[in-house]
Structure formats: C-alpha cells, structure tokens
Amino acid sequence: MAVVEEKATPKRMYKRNDPDMPEEFRQLLVKLLGGHLENNGNPEYRRILAKIADAGLRYAPHGRAMEIEAEIIKQEVAHGQIVQEMLESLGVDPTGERPIKQYAFHIPFESWIDLAWFHALIDRVGLYVGVEWTGSPYEPLARVSPQLEADEEFHTKAGFLHLREICATAEGKAKAQEALKKWWPAALDMFGRSTSRNSPLYVKWGIKMHGNEELRQRYIADTVPEIRKLGLEVPDNLANRRFL
Ligand SMILES: [Fe+2]
Ligand SMILES: [Fe+2]
C-alpha cells in the first residue's frame with residue numbers, strides 16, 4: 001500500500017469516475033466537498049442562502065444594490081449545484097442535513113452594514129478556497145475553480161462597493177467600524193486552526209497547496225489595505241478569535 005501511495009504524485013490528474021483514483025484521495029475529496037457549505041442538497045445551505053437573500057432585498061439602500069444582491073444569490077445557487085453534482089459523481093449522497101461549523105454563516109444580519117461586511121470579508125475567504133482548488137488534481141474541481149474564484153471576487157468587491165457608500169457619512173463610518181469588531185475575527189477563524197491535522201494530507205495530494213495559517217496570513221496581508229482604504233482601522237488579529 002505504501003508503495004502505491006509513494007507513486008501517486010500531485011501532478012497526476014484524475015477524471016470523473018476515474019478507476020485509478022486512490023481511495024485515500026477519494027475520501028479526502030469527499031471530506032472536503034462533504035464539509036463544504038455550498039451544496040444545494042444540504043437544507044442548511046438553503047437556509048443560509050435564504051437569510052442572505054432576505055437581508056439583501058430587505059436592507060439594500062437602492063435598486064442597483066438589490067440587483068447586485070440578486071446576482072450574488074444566483075451565483076451561490078450555481079455553486080451549490082456544482083458541489084452537489086460533484087459529490088454525486090464521487091458516489092456520495094449529497095442530500096440531508098450537514099451542520100455548518102463555520103460560525104460566520106450563523107451571525108445574524110441586523111443591518112445592511114452586516115451584509116456588506118459579510119460579502120467583503122466572508123465571501124472573500126471563498127476566493128482563497130477557489131485559488132486552492134484551481135491546483136486540484138481532480139479534474140472536475142480544477143475545471144470549475146476559475147469560475148468559482150471569479151464569482152467570489154465579484155462578491156467581495158460588491159461588499160467593498162457597498163461599504164464605500166456606507167462610509168461616505170461619519171455616522172455610517174462609525175457603524176461600519178463597530179460592526180468590523182465581529183466580522184474580522186469571524187473571517188480569520190474561517191481558515192481553521194493552525195494545527196489542523198488535515199492540512200498536510202490535503203497538501204500531499206495537491207487538493208490544497210497551502211496550510212490554514214499560510215492562507216490566513218495571505219488573506220490578512222491582502223485585506224488589511226482594502227479596509228484601510230475605507231478609512232477604517234483593522235482590529236487586532238487575535239481579538240475575539242475562537243480558533244487559533
Ligand atoms: Fe460561492
Ligand atoms: Fe460568495
């Protein structure tokens with residue numbers, strides 16, 4: 001067995017229903033995609049999308065912002081369908097309740113500002129996931145990744161667009177600064193624990209190229225300047241964190 005594993009290099013691409021796919025690799029893909037939020041077979045994903053759609057249409061300050069929110073939801077439904085079908089092709093039933101552990105998705109939207117930060121910071125984490133998946137040796141995953149990445153880039157940019165409008169007034173700026181206290185730690189916690197045991201295995205198979213902490217640090221380096229452009233201060237990276 002060890003010899004077979006030694007021969008499996010991350011360069012090798014595996015197609016849908018590939019008979020040569022090593023079992024350890026298949027199981028990691030199932031774990032990765034089965035635990036992934038975007039899956040239309042998971043009722044929890046539907047509830048989270050409904051919450052985002054509700055906030056978007058309820059709080060958007062004008063019609064153009066409503067359109068952007070509707071476009072984001074449309075794309076998230078497409079992402080959920082892609083993952084559902086990929087799980088099916090790996091021989092897994094994608095339906096049924098799968099709890100979403102990342103608490104960022106359970107933070108209530110009390111205002112338009114909350115939703116703007118959600119897009120700016122939480123959707124932005126998806127961008128880093130997309131970059132990882134682009135290098136995946138599973139061909140169906142590698143093929144859809146550039147689209148997922150482009151969509152999540154649109155979502156984070158939409159969030160920052162909303163925030164620029166919000167921060168145009170002193171009152172809006174103060175509220176955005178206050179709300180950042182809950183969204184910044186939630187975003188950083190999305191990357192998982194620095195000591196996660198899964199990381200080296202995922203890296204070995206080329207499903208993830210970087211460890212949790214490496215991606216988190218990259219996210220921080222890229223995102224801090226964007227927040228400062230709004231004239232806001234970034235909270236301490238360790239304040240209110242739950243997973244270190
Ligand atoms: Fe998405
Ligand atoms: Fe998104």
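For the structure, see preceding data.
A quick note: this is a predicted structure, and the numbers were derived from the prediction, not measured.

A. A look at the overall build of the protein chain. A tally of helices and strands in the protein chain yields nine helices and zero strands. Reading the protein chain from its N end, one meets helices and strands in the order α-α-α-α-α-α-α-α-α. For 244 residues, the compact-globule formula gives about 18 Å, and the C-alpha radius of gyration of the protein chain, at 19 Å, lands near that figure. Expressed along its principal axes, the backbone C-alpha trace of the protein chain runs to roughly 65 × 30 × 25 Å. Split into buried and exposed, the 244 residues of the protein chain put 50% on the buried side.

B. Representation of the nonpolar core in the model. Ranked by size, the top nonpolar core spans 49 residues in total, and within it Trp-117, Leu-121, Leu-163, Trp-183, Trp-184, Tyr-219 and Ile-227 carry the most contacts. Looking at this core, the element that brings in the most residues is helix α5 (residues 112-134), giving 12 residues. When neighbours within four sequence positions are excluded, Ile-227 is seen to be in contact with Trp-117, Leu-121, Phe-160, Leu-180, Trp-184, Leu-232 and Val-234. The next biggest cluster of nonpolar side chains, apart from the first, holds 21 residues, and it includes Tyr-14, Leu-32, Leu-90 and Tyr-138.

C. Region of the structure containing the coordination of the iron ion (ligand 2). With distances of 1.9 to 2.2 Å, the protein atoms coordinating the iron ion (ligand 2) are Glu-76 (OE), Asp-123 (OD), Glu-152 (OE) and His-155 (ND1). Taken together, the four donor atoms coordinating the iron ion (ligand 2) and their angles of 89 to 149° define a geometry best described as irregular. Each donor residue of the iron ion (ligand 2) lies on one chain, and together they are spaced E-x46-D-x28-E-x2-H. Here the iron ion (ligand 2) and the iron ion (ligand 1) are spaced 3.5 Å apart, and both take Glu-76 as a donor. Taken together, the positions of Asp-123 in helix α5 and His-155 in helix α6 (residues 139-166) put the pair 32 residues apart, joining distant regions of the chain. Its relative accessible area of 7% is what places Asp-123 among the buried residues.

D. Highlighting the environment of Phe-25. In this fold, Phe-25 is placed in helix α2 (residues 23-34). A sequence separation of 177 residues divides Phe-25 from Tyr-202, and the C-alpha atoms of the two residues are 8.7 Å apart. If we skip the residues at most four places from it in the chain, Phe-25 touches Tyr-14, Pro-137, Tyr-138, Trp-205 and Ile-207.

E. Looking closely at the packing of helix α4 (residues 63-89) against α6. Packing of α4 against α6 brings their axes to within 11 Å, and their N-to-C directions diverge by 155°. Relative to α6, the element α4 is oriented roughly antiparallel. Along this stretch, α4 crosses α6, giving a crossing that reads as left-handed. Side by side, α4 and α6 meet where Ala-65, Ile-68, Glu-69, Glu-71, Ile-72, Gln-75, Glu-76, His-79, Ile-82 and Met-86 of the first sit next to Pro-140, Leu-141, Val-144, Leu-148, Asp-151, Glu-152, Phe-154, His-155, Ala-158, Leu-161 and His-162 of the second. Partitioned by chemical class, the residues of the contact of α4 with α6 number 12 nonpolar, four polar and five charged.

F. Representation of the coordination of the iron ion (ligand 1) in the model. Coordination of the iron ion (ligand 1) by the protein is provided by Glu-38 (OE), Glu-76 (OE), His-79 (ND1) and Glu-152 (OE), with metal-donor distances spanning 1.8 to 2.2 Å. One can describe the donor arrangement at the iron ion (ligand 1) as irregular, given that its four donor atoms subtend angles of 91 to 136° at the metal. Counting the intervening residues between successive donors of the iron ion (ligand 1) yields the motif E-x37-E-x2-H-x72-E. What makes Glu-76 buried here is its relative accessible area of 7%. Glu-152 gets classed as buried once you look at its relative accessible area, which sits at 5%.

Criteria and cut-off values
Residues numbered from 1 in each chain as written. Chains lettered and ligands numbered in written order. Predicted model: local features only at pLDDT ≥ 70, side-chain atom pairs only at ≥ 80, totals over all residues. Heavy atoms only, no water. Helix = DSSP H or I, 4+ residues; strand = E, 2+ residues; numbered from the N terminus. Rg over C-alpha atoms; globule rule 2.2 N^0.38 Å. Buried < 20%, exposed > 50% of the residue type's maximum accessible area, 1.4 Å probe, protein only. Core = buried A, V, L, I, M, F, W, Y, C linked by side-chain atoms within 4.5 Å. Contact = heavy atoms within 4.5 Å. Donors = N, O, S within 2.8 Å, 3.2 Å for Na, K, Ca; no water. Tetrahedral: all angles 85-135°; square planar, octahedral: opposite > 155°, others 65-115°. Axes fitted to C-alpha atoms, helices over the stretch in contact; angles between N-to-C directions. Parallel < 35°, antiparallel > 145°, perpendicular 65-115°, else oblique. Left-handed = near helix turned anticlockwise from the far one by under 90°. Nonpolar A, V, L, I, M, F, W, Y, C, P; charged D, E, K, R; others polar.

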